[in-house]
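For reference, the chains in residue letters:
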Amino acid sequence: MIEANRSTGAVQPRPSSARHRGFSWVAAVVCFVVLAAFVISRTWPPLPATLRFAITLPASHPGHIEPIIATGEFSNGDFLVIRYETPDRAVFAYDAWGEGGPASEPVTCIAGSTHRMEVEMPALTELPGVSNRLKAPLRVSFDGRTILAASVSFHRRESGEVYFGSNPLGGTPEPLFRGKLTTPNGHRLIGGPESYFSWWRRARGVLANVPRTLTLVLIALLAGYAVPFAVGFLRRRPRSAEAPAASVPPRRIFLTILAIAVVGFVYLITDGSFRLFYPESFGNFYDYQALSLVHGRLDVPEAALSGEAFVYHGKYYGYFGPTPALLRIPFVMLGVGFGELSRPMMVLDYIACLLGCYFILCQVVRMRNGPAAWPSRWTTGVLIASAGLGSTIFYLSSRAYIYHEAILCGVAFTVWAAYLTLRYLENPGGRWWIGALVCGTLAVHARPPIGFFALCFVGTAAAVTIVDSWLNRRRAAIAGAASATAPARHQTAPGVTRHFVIGILAVAGVLSFNGLSYLKFGTIEGCPLRYNVQYSPERLARIDGKEFHLSNIRFGLDAYLLRPTLQVSRHFPYFATHGLDSRTYPEAKLDMTEEMAGLPYAMPSLFFLALVSVCVWTERNRVLSRAWIAVWAAVVPPALAMFAAIAVSERYTADFVGFLIVAAAIGLAVIERPRGRIAGATRGLAATLTALSIAITLALTYSYQGKGVWGVPDGTQEKYQAVAHRVDAFFGVKP
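If you're wondering where the values come from, they're calculated on a predicted model, not measured in any experiment.

Moving on to unusual backbone geometry. Going from F572 to P573, the amide bond is cis rather than trans, its omega being 5°. Among the secondary structure elements, P573 is positioned in the loop between β16 (566–568) and β17 (575–577). Positive phi outside glycine occurs at F274, with the angle close to 60°.

See below:
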C-alpha cells in the first residue's frame, strides 16, 4: 500500500496492515505468556482446610522446639511446633506471636517412626479480607486421634507466607525441623508453599479461574494494540522529505534521560534494593479499596486505613479517591501482589508522567513550527531532565506510601489530560476532548487539586475556543466575507454549542468528586474532617472544621511563591527546607505546616521556563497563544485553593507540576530557535537552572527519606547518617 506525502506530494511506502496485525498478535501472545508466568510465580492456590501429611520423627532433643508449620512474618505470625520434653516424649504446641497458645497431650517420640497427622490451623485459611474473626478453631490429629483442639488467636498471612518444616520468621522455634514431612502422594514438604504446590498445579489453578484468565487475555490484547502504537510513535519519521534537522525525532536523548531517571527513581523508592514488590507500611489501602470495588462497596476494613480512617455509620472509608484502586483491579483479579503494589504502581505512574511530558513538548513544538516539526535534542533534554529529575515528582520517590502514590497518579493523569487538551486546542473539531475529560476526571479522583487543574484546562480551552470562534466571525463580518454563507448575528455559530457542552462536562468532572463524597459520607464535602478519627473537637475548633480559609491565602502565597524557603548548608546534602513560621500569620487557620521549599526554589528550572512562556506573544502564533491563555487561566482556581488550604507540605508542590510542564514546554518552544545574545543567554540560564533543580531535588529527596519521613525500611536512616558523616569528613566539615 502507498500514500502521498501531504507536504511534498511524494508517494511513500506504507507499512502493510497485515504485517501490523501480525506484530500486534505476536506482542499480545508474548505479553500473555510473560504475564501468565509472572502471575503463576506469585500465585498460590488456597490450602485445604484440613492439611494431611506424614511426619517422620527425629531423635528427641529435650528442651528444643522445632517448627512443623510457620505462617506470617516476623512479629506477626503463628507456629505449630514440636517441643521435646523427655528422651521419648514430645508435645505439639501452638504459638501465636506475642500471645502464646495451647499444647497437646504428650506423644511418644521414637526416632525414625512415621505417623499420620491432620492439622486445622486458622492461618492456613484466614487470609486478608476473608473475615474479621479474632479467634478460630485449631485441631491437631495424630494417627487418627485428636490430641489438640481449641479456639485460638491468630495472625492473617499473605498467600505465600506459609512454611513447612522451617522457620524464616525468627522467634523461639529452631530454624528447621530435623525430621521429615511428606504429603500423601510422597512429596516432601520443606520450605515455602512451592514445596506443597507444584508449578503445574499452580498453572492449572490460575488458568482454570475464568475471571483471572479473561483478565490476562484482556491485558494481552491491550498490549498487542499499545506496543505497535508506541513503537510507531518513537520510530516516526518526518512527514516532509526535505525536513530540516530540527525535525529529526529526539528519541535517543529522551530514552536516555528516561532510563537514567527511572533507575534513580527505583533506586530511591526501594532504598537501593531494587525490590519493587514489597509490603510498605500504610501502603495497602488501595488494594483493599480495589477489593471492595470488585464487590460493589466503597468502605474498607479498619486495618486498611489506621489513623486515616473516616468512620460514618459504623463503616470505614478513606478520603483518597479511587483511581489508584481502579488501576489495581487487574492485580486483584489475578490475585497478585496484595499489599505489595505501592512501589511498582508509583514507578509506572512516574514513567507515564515523563512519557506525557515528552508528548506535550512534541505537541507544543508542532503547534509552533508545523506538523513535521520535532523538538530539538537540547529542548527535549532540558524539559525531561527538569520534570523527571528536577521536580517534586522525583521527590515522591522518597517513600512509597499512599500519600505519594495518590499525588503521582494524579500528576500522571493530569499530564496526559493536558496533552489531549492541547490536541483539542489545535483541532477543535476532533474528539481529543473526550480523552482529556476522562483523564482529568481520573486525576480528580486520584488527587483533587491537581485534577482540578486538568479539568480547568479543558474548560478554559473550550472557553478560549468559543471566544476565538466569535472573534473570527466578527472579523469576517467586518471584512464583508460573511455575506451569504455566514450565519446571522442572532444565530449560534457551528460548534460553539459543542464547546459550551465540553466546558459543562469539565465542571461535572470536578463535581463528580463531591458526588462520590456524598455516596460515602452523606455530604458533598470532599473531606469531612469531623468523621476522621484523628480530629478531636479541639482540633476541629482551631480550623472551624473547614479545609479552606481565605485568611490562609497570605501564608500560602508566601510559602509557595514569595518567601525564600530554601536554605544552603555546609553539610551534606547542602540544600534543605526551612519553611515559614505560621505564628507570624495570626489571621491564618492552619492545621499542618511541614517544612517546604516553594516553587521557585524547589523547581527553579520549570518555574523559570514557565515565566519565559510569556514571550509567546512575540510569536504571532494564534494556536500557541490560545494554549498559553488557557493554561495560565486554568491554574488560577486550583492555586487559590492550595493557598487557602489548612495544610502545606513539600509534596503538595507536585500539584503545580502539570501546569509547570505545559507552561515550560511553551517557553522552551519559544526560545528553541531564535538567535542573538538574549536568546542564547536565556538558553544558558535554562540549562544552568536545570542542573540546579536536579541538585536541589536530589538533596531534598535523599534527606527527607533519611531523616524526615516515617515508615522507611529498617536501616535507611542509619545509612543516610553514615553517608552524610563520610561526605562531610571527606571535605573536612565538622559535624
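Next comes the rest of the account.
You can see K135 is positioned in strand β9 (residues 135–142). Between the C-alpha atom of K135 and that of S153, which follows or precedes it by 18 residues, the distance is 4.6 Å. If near-sequence neighbours (up to four positions away) are discounted, K135 is found in contact with S151, V152, S153 and F154.

Within the structure shown, the criterion is met by 24 salt bridges. For the salt bridge of R145 with E105, the shortest nitrogen-to-oxygen distance reads 2.2 Å. Here the residue R145 occupies a position in strand β10 (residues 145–153), and E105 occupies one in the loop between β6 (89–96) and β7 (107–108), the gap between them amounting to 40 residues. According to the relative accessible area criterion, R145 is partly exposed, its value standing at 40%. We classify E105 as partly exposed; its relative accessible area is 35%.

Taken as a whole, this structure holds 45 aromatic pairs when the rule is applied. Centre to centre, the rings of Y196 and F197 are 4.9 Å apart; their planes meet at 80°, and the pair counts as edge-to-face. When the ring of W617 is compared with that of W628, the centres are 5.7 Å apart and the planes differ by 80°; the resulting orientation is edge-to-face. Here W628 lies in helix α19 (residues 622–644) and W617 lies in the loop between α18 (604–612) and α19, a separation of 11 residues in the sequence. A relative accessible area of 46% places W617 in the partly exposed class. With relative accessibility at 15%, the residue W628 sits in the buried group. Between the NZ or CZ atom of R399 and the centre of the ring of W710, over which it lies, the distance is 5.2 Å. Here R539 stacks its cationic end above the ring of Y535, 3.9 Å away from the centre of that ring.

About the thresholds
Each chain carries its own residue numbering, running from 1 in the written order of its sequence. pLDDT decides what is reported in this predicted model: residues at 70 or higher carry local features, side-chain atom pairs at 80 or more are listed and counted, and totals for whole chains, interfaces and linings draw on all residues regardless. Based on all heavy atoms of the structure, the side-chain values leave hydrogens and waters out of the count. Each helix corresponds to a stretch of at least 4 residues labelled H or I by DSSP, and each strand to a stretch of at least 2 residues labelled E; elements are numbered beginning at the N terminus. Note on contacts: a residue pair is in contact if any heavy atoms of the two residues lie within 4.5 Å. Salt bridges are counted wherever a side-chain nitrogen of Lys or Arg sits within 4 Å of a carboxyl oxygen of Asp or Glu. Burial classes: relative accessible area under 20% of the type maximum marks a residue as buried, over 50% as exposed, and values in between as partly exposed (1.4 Å probe, protein chains only). Each pair of aromatic rings taken from Phe, Tyr and Trp, with Trp reduced to its six-membered ring, is defined by centres within 6.5 Å and is described as stacked if the planes are under 30 degrees apart, edge-to-face if over 60, and tilted in the remaining cases. Remark: a charge is flagged as sitting over a ring if the NZ atom of Lys or the CZ atom of Arg is within 6 Å of the ring centre and within 35 degrees of the ring normal.

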